[in-house]
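Per-entry structural report
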Amino acid sequence: MTGTNNFSNRPRSEKLNLKKELVKYFHYWPWFLLSLTVFLSLGFLYLRYTTPVYSAKASIIIKDKSVDSGVGEAIYSELGIGGMGANNFDTEIGILKSRRLMAEVVKSLNIQYQYFKEGKFRTIEIYDNIPFSMQVLRMDEARLQELGGASFKITQKGSDFIISDLEGIKSIKVKSGTPVKLEFADIVLGATSLPKYEGLSDQTIITFSTIEKVAAHYRNSINLVQEAKSSGLMNLELQDPVRQKARDILDQLILEYNRDAIEDRNLIAGNTANFINERLSIINGELDSVETGKETFKEENLLTDIQAQSQLFIQNANEYNKRRQEIGTQLELAGAMLEYIGSNSKSDLLPTNLGISEMGVNQQINEYNDLVLERNRILGGSSEKNPMVIRLNNNIEQIKNNVVQSLRTMHSNLEISQEELRRQSSSIGSQIYAVPSKERAYRGIERQQNIKETLYLFLLQKREENSLSLAVTEPKAKIVDRAYFTDYPVAPSARNIYLGTFILGLFLPFSVLYVKEMFNDKVKSKSDIEGFSKEIPVVGMIPKIKRKRDGLIRGKDRSVLAESFRILITNLQYLLINVKEKTGGIVLFVTSTTKGEGKTFTSVNLAITLANSGKKVLLLGGDLRNPKLQAYKANSDNLLGLSDYLLNDNLCLRFLLGPSNLHKDIDVLTSGSIPPNPYELLKQEKMAKVFKDLEMRYDFIVVDTAPAMPVADTSLLTKYADAVLFIVRSGFTEKDLLEFPLDCLKEGKFNNISFVLNDLKPTHLGYGSKYGYGYVQDKKSSWLKRSRDPEPIYY
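Quick look at the structure, then.

Quick notes on the environment of E237
On the secondary structure map, E237 appears in strand β12 (residues 233-240). Under the relative-accessibility criterion, E237 is labelled partly exposed at 23%. Sequence-distant contacts of E237, that is, excluding residues within four places in its chain, are made with S55, A56, K57, S221, I222 and N223.

Thoughts on the packing of aromatic side chains
Summed over all chains, the structure comprises 14 aromatic pairs. Relative to F208, the ring of Y113 lies with its centre 5.6 Å away and its plane at 65 degrees, an arrangement referred to as edge-to-face. Residue Y113 is located in strand β2 (residues 113-118), and its partner F208 is located in strand β10 (residues 204-208); the two are separated by 95 residues in the primary sequence. An identical accessibility class is assigned to Y113 and F208; each is buried. Their ring planes at 35 degrees and their centres at 6.1 Å tell us that F589 and F691 sit as a pair that is tilted. Taken together, the residues F589 in strand β15 (residues 586-592) and F691 in helix α21 (residues 686-697) connect sequence positions 102 residues apart. The two residues F589 and F691 agree in class, both being buried. Joined through ring pairs, the aromatic side chains of Y113, F152, F184 and F208 make up one cluster. Over the face of the ring belonging to F655 we find R654, whose NZ or CZ atom lies 4.3 Å from the ring centre.

Describing the sheet that holds strand β3 (residues 123-126)
Strand order in the open sheet made by the six strands is β3-β2-β10-β5-β6-β7, with antiparallel pairing throughout. Edge positions in the open sheet fall to β3 and β7 (171-175), since each of these has one partner strand only. Sheet twist, expressed as the average angle between the axes of neighbouring strands with direction ignored, equals 30 degrees. Of the strand pairs in this sheet, β2 and β10 are connected by five bridges, and their pairing is antiparallel. Bridge assignment links Y113 to a residue of β10, and that residue is F208.

As for a negative patch on the surface
A grouping of D521, D736, E739 and D743 is seen on the molecular surface, where their side chains present a negatively charged patch. Judged by relative accessible area, D521 falls into the partly exposed class, the value being 37%.

Brief notes about the packing of helix α16 (residues 560-575) against helix α17 (residues 599-612)
Each pair of packed helices can be summarised by the angle the axes make with each other and by the distance between the axes. At their nearest, the axes of α16 and α17 sit 10 Å apart, and the two run at 80 degrees to each other. One way to sum up the angle between α16 and α17 is to call them roughly perpendicular. Mapping the contact onto sequence places L561, F565, R566, L568, I569 and L572 in α16 and F601, T602, N605, L606, T609 and L610 in α17. Looking at side-chain class alone, the contact of α16 with α17 contains eight nonpolar, three polar and one charged residues.

Some points on the sheet that holds strand β4 (residues 132-139)
Reading across from one edge, β4-β9-β8 is the order of the three strands in this open sheet, with antiparallel pairing throughout. The outermost strands of the open sheet, each flanked by one partner alone, are β4 and β8 (179-181). Along the sheet, successive strands turn relative to each other by an average axial angle of 25 degrees, direction set aside. Pairing analysis gives three bridges linking β8 to strand β9 (residues 185-191), with the strands arranged antiparallel.

Observations concerning helix α3 (residues 29-49)
Under the 1.5 Å per step criterion, the end-to-end length of α3 is 30 Å for 21 residues, consistent within 8% with the ideal 30 Å. The complete set of buried residues in α3 reads F32, S35, L36, F39, G43 and L47. Viewed end-on, α3 has its buried residues packed into an arc of 105 degrees, placing them on one side of the element.

Some remarks on the pairing of β10
The buried count for β10 comes to five of five residues, which makes it a mostly enclosed element. Here β10 shows a buried face lined by T204, I206 and F208 and a second buried face lined by I205 and T207. Relative to β10, strand β5 (residues 150-157) runs antiparallel, the two sharing five bridges. Note that in β10 the partner of F152 across the bridge is I206.

With respect to a nonpolar patch on the surface
A cluster of nonpolar side chains, L499, F502, I503, L504, L506, F507, F510, Y514, V515, M518 and F519, forms an exposed patch at the surface whose accessible area comes to about 1,100 Å². Inspection of the secondary structure assignment puts F502 in helix α14 (residues 494-518).

Points about the environment of I445
Structurally, the position occupied by I445 is in helix α13 (residues 437-471). Beyond its immediate sequence surroundings of up to four residues, I445 is in contact with V290, G293, K294 and F297.

Rules behind the numbers
- Residues numbered from 1 in each chain as written.
- Predicted model: local features only at pLDDT ≥ 70, side-chain atom pairs only at ≥ 80, totals over all residues.
- Heavy atoms only, no water.
- Helix = DSSP H or I, 4+ residues; strand = E, 2+ residues; numbered from the N terminus.
- Buried < 20%, exposed > 50% of the residue type's maximum accessible area, 1.4 Å probe, protein only.
- Contact = heavy atoms within 4.5 Å.
- Phe/Tyr/Trp six-rings, centres within 6.5 Å; stacked < 30°, edge-to-face > 60°.
- Lys NZ or Arg CZ within 6 Å of the ring centre and 35° of its normal.
- Pairing = 2+ DSSP bridges.
- Axes fitted to C-alpha atoms, helices over the stretch in contact; angles between N-to-C directions.
- Patch = residues over 30% accessible without salt bridge, like charges linked within 9 Å, V, L, I, M, F, W, Y side chains within 5 Å.
- Areas by Shrake-Rupley, 256 points an atom, 1.4 Å probe, with all protein chains shown as cover.
- Salt bridge = Lys/Arg side-chain N within 4 Å of Asp/Glu carboxyl O.
- Lys, Arg positive; Asp, Glu negative; His and termini not counted.
- Charge placed at Lys NZ, Arg CZ, Asp CG, Glu CD.
- Parallel < 35°, antiparallel > 145°, perpendicular 65-115°, else oblique.
- Nonpolar A, V, L, I, M, F, W, Y, C, P; charged D, E, K, R; others polar.
- Expected span 1.5 Å × (residues − 1).
- Arc of directions from axis to C-beta.

Right under this line is the structure:
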């Protein structure tokens, strides 16, 4: 016991033995293999029968109008029609994903009508080679939306078509080219010469969806990513089961985006052209009136060459007249702009590049037009209540007021300048006072004519420039890579599916085993006992045996069971080292915590193993409450035993001993009749005489005792024991019950106690699983089993 107590003082190791943990789970490899097979098969079936999804990609460059990128941009910059200015990339993404733009794509490609073919395990959408043609004459989108879409089965038989619902309840037969009236549309079906699809049904399923629903689906499916923050390169990606359709959608989306951008760009030029034409019409009438007045004046006054008469004065007044002409032109433009702004709504664009000399006014007009265009674009996919629209409306109104105020300020300044020029001209007029009044009237008419001609020619030039801007239609998005698709599906990914099912196949049995182990409160292996406490050594590990096989050790037995008891006896040599000097036989107590842990089974086989080594052994029934050794006595007629001897002083102990049917060197002393007071009987001093007599007769006395925890019988007798074998049954004994033998050891109830682990599975039996004792055992030995031998019983 000294060695045992010293051993308990060693520090307990809590390090995780990874190899040991893996080996523990490796014992369940058939479950892991089965789980992997099931999950990998499910993954294969999923990949086999799931519709694959392909990815189409395209790349474009959104051109920045703040950078001169070509001849067209140079013309716009020179003419002052610059467009939107710097691009807001988030705004462009919003335009590309707008409902309006995607609806145009859906209508252009007619993808609101889908065609399907039924296969053996899945339905496949067809896109290119549709087996018939369909023309929609009328479509009621509102009714179709109320119905939530519609689907029909179409079967072609020669030049006839059979249209039926999916359930096949209603059907109609129509000829090719004949209009068919549906609840929500009128269609015409036509036959084609395309070959039939092999392995697919002859029926075609056609699905009608609203444009808005399909557009919303692809709006959410398309992925737009900017290559870099400072870059105008944008990548577009769309995933769809039909790769050709995904490619066509991306190409059409880019086309619609460029078309929309060109229409926005030409909107300003169109409004400017309308303004110029309107002003040219007015000025043309005024110019005709002035020229007619000049002609009439000359005819009435017989004037031919007035210039020669006033050449000197004209040279001095030319400079003033030139300046007055310029100021007059600017006044006309300012007045015309104020009149145009006052007569048009807040959503109209303002004409630009009319020749107004104030650069600030031109800049404000361009800024106003940019905001109007941006607001109109947002309104294409939103409403007036959008916070961004409200903010833009406020900015537009503010800039418009600024433009009006600037024009008024400019008009006022021009009037002041004109008044100053008039004052200076009056000084010159005093010098030409001598010139006839006819000359002065003529000069006034000629001055009006020059102003009108200058303005007329200026507007003609701007109209030609504006026409040029309308003719130059450069797309806003430059295509880097047209839409292309991959040959391999992006979903489902075979690698990910197989990896996921492989992980699940390992995780499921692992998690079940882990949870089972976590909630397990039973002792399973030697490590469970040693992990609980190392104060009591484990001297033996007995393997699990099948109940229908022989549970008793035979002579010359080389099975794992026999070897385990040989090892047990070898280990007992070290426990009994302090009792070698004892004169009598050695007393071995076999006990356990509760009933059913294998005390009798261990006692019988321990006695057989000792007898096989040439020892004289007595098998003593120490459990007076539940006798078990009667079956192993050769003479079953004499049922008297230990309890009868303790009750009757007239009985002789020698006559109660009898040979066993186990081995010639094994005698049996049964527990006898069941007494009403076992504890009082065992307390008698007569028990000491019993053990003293038996020790003189036998080399080993193996006592099959009662369970130690529920009754006190065993604790009362342990003072006679040289060693106590405490049986722990694997998978049966609870770990908390190991506290009992530890407490008994500390309290001194048990001396020289050791654990014997019984009913161990081969996976937990260290030497059996590693070395395979009994590998030369004769296979015929199983046929030599005696029918009268009892099966192993765990008590």
